[in-house]
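Structure assessment
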Amino acid sequence: MTVTDAVVEKSGKIFVAGHRGLVGSAVVRRLRSLGYTNLILRSHSELDLTNQSAVKTFFSIEKPQYVIIAAAKVGGIHANNTYPADFITINLQIQTNVIDSAYRYAVKKLLFLGSSCIYPKHAPQPIPESALLTGPLEPTNEWYAIAKIAGIKMCQAYRIQYKWDAISAMPTNLYGPNDNFHPENSHVLPALMRRFHEAKVSGAKEVVVWGSGSPLREFLHVDDLADAVVFLLENYSDLGHVNVGSGKEVSIKELAELVKEVVGFEGELVWDSSKPDGTPRKLMDSSTLANLGWEPKISLRDGLVGTYEWYVTKQQDK
């Protein structure tokens, strides 16, 4: 493991790809709060990252010194099952175009963001970085996972062949402001928050949640991830990808009860145990990052309170 002492200049040009999403917007907030003033941001309409020639032109003109890839096509199980070609192709295009152009146009350092779904379906728990490519993937999102694994390997290949400073970070389940609260294709935490909020507003007597509530999951506030991203950009330089998690597990039952409390839903929480539970446990081993000196700061309760405040404000703005 190499800890770099290369200083990331506060005035250095930093391109944050995907700055409007959950992760990218948090990274931009964190960089600005730390005094990074020279951020290059482009919306999808301004720069289509799947267009190789457009990406090359952008890099040739802007010449960023640092790149953070938070851009990706993401979605839940239904979306992955319905649009597998989109998930593998668009993600491969985005990361291939950005990584290659970043190298060609002399970017000093690149950080690629992946996902915990890169690991085998039956990986040991907690999941260490070494579990990558040791077994079959979860079939429901393998298209996305294969693309993200290719991104890690591409960063490693450019580091080996060109001695170029490209690193990768793999976050656990994320939540926070700018999350996707869509009724059909959101993840478990925003889905619960939306359902309890709508039940509270409508005066419903109960909310039914699928499964037994027993599976254990790990959640990290996106502002903690953003802090870790900047920490790695400033302090880490090595071949291996780095897990970024909270290290704390919570059962879906505990999570649902906590969200219910934060939202202020007074009705009953009912578990439909005829519905599937999913994987019994999913926790990442983030000891590599902890040993580098980083740890998360936002508790799940505090993070949920802030996220709900953001969600309510957004509903009022509609």
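As shown above, the structure is provided for reference.
Residues numbered from 1 in each chain as written. Predicted model: local features only at pLDDT ≥ 70, side-chain atom pairs only at ≥ 80, totals over all residues. Heavy atoms only, no water.

**Observations concerning the nonpolar core**
- Core analysis: the biggest nonpolar cluster contains 39 residues, and Phe 15, Leu 49, Phe 59, Val 67, Leu 110, Tyr 119 and Trp 164 have the highest contact counts within it.
- Listed by contribution, the elements that provide at least two residues to this core are β1 (14-17), α2 (52-62), β3 (66-69), α4 (84-104), β4 (109-113), α5 (142-162) and β5 (165-171).
- If one sorts the elements of this core by residue count, α5 sits on top with seven residues.
- Judged by nonpolar contacts, the second largest core, of 35 residues, contains Val 23, Ile 167, Leu 220 and Val 230. (Core = buried A, V, L, I, M, F, W, Y, C linked by side-chain atoms within 4.5 Å. Buried < 20%, exposed > 50% of the residue type's maximum accessible area, 1.4 Å probe, protein only. Helix = DSSP H or I, 4+ residues; strand = E, 2+ residues; numbered from the N terminus.)

**Regarding the pairing of β3**
- Across the two faces of β3 the burial is the same, with Tyr 66 and Ile 68 and Val 67 and Ile 69 all buried.
- The pairing of β1 with β3 spans four bridges and is classified as parallel. Opposite Val 16, over in β3, you have Ile 68 as the bridge partner.
- Examined bridge by bridge, β3 and β4 share four bridges and lie parallel to one another. Bridging across to β4, Val 67 finds its partner in Leu 110. (Pairing = 2+ DSSP bridges.)

**Topic: the packing of aromatic side chains**
- Scanning the entire structure with this criterion turns up eleven aromatic pairs.
- Between Phe 15 and Phe 59 the ring centres are 5.9 Å apart and the planes differ by 85°, which places this aromatic pair in the edge-to-face class. Pair noted here: Phe 15 is in strand β1 and Phe 59 is in helix α2, with a separation of 44 residues, a long-range link.
- Residue classification places Phe 15 among the buried residues on the basis of a relative accessible area of 1%.
- Between Phe 58 and Phe 59, the ring centres sit 5.3 Å apart and the planes meet at 85°, which makes this aromatic pair edge-to-face. Neither residue differs from the other here; Phe 58 and Phe 59 are each classed as buried.
- Grouping aromatic residues by their ring pairs yields a cluster made of Tyr 103, Tyr 158, Tyr 162 and Trp 164. (Phe/Tyr/Trp six-rings, centres within 6.5 Å; stacked < 30°, edge-to-face > 60°.)

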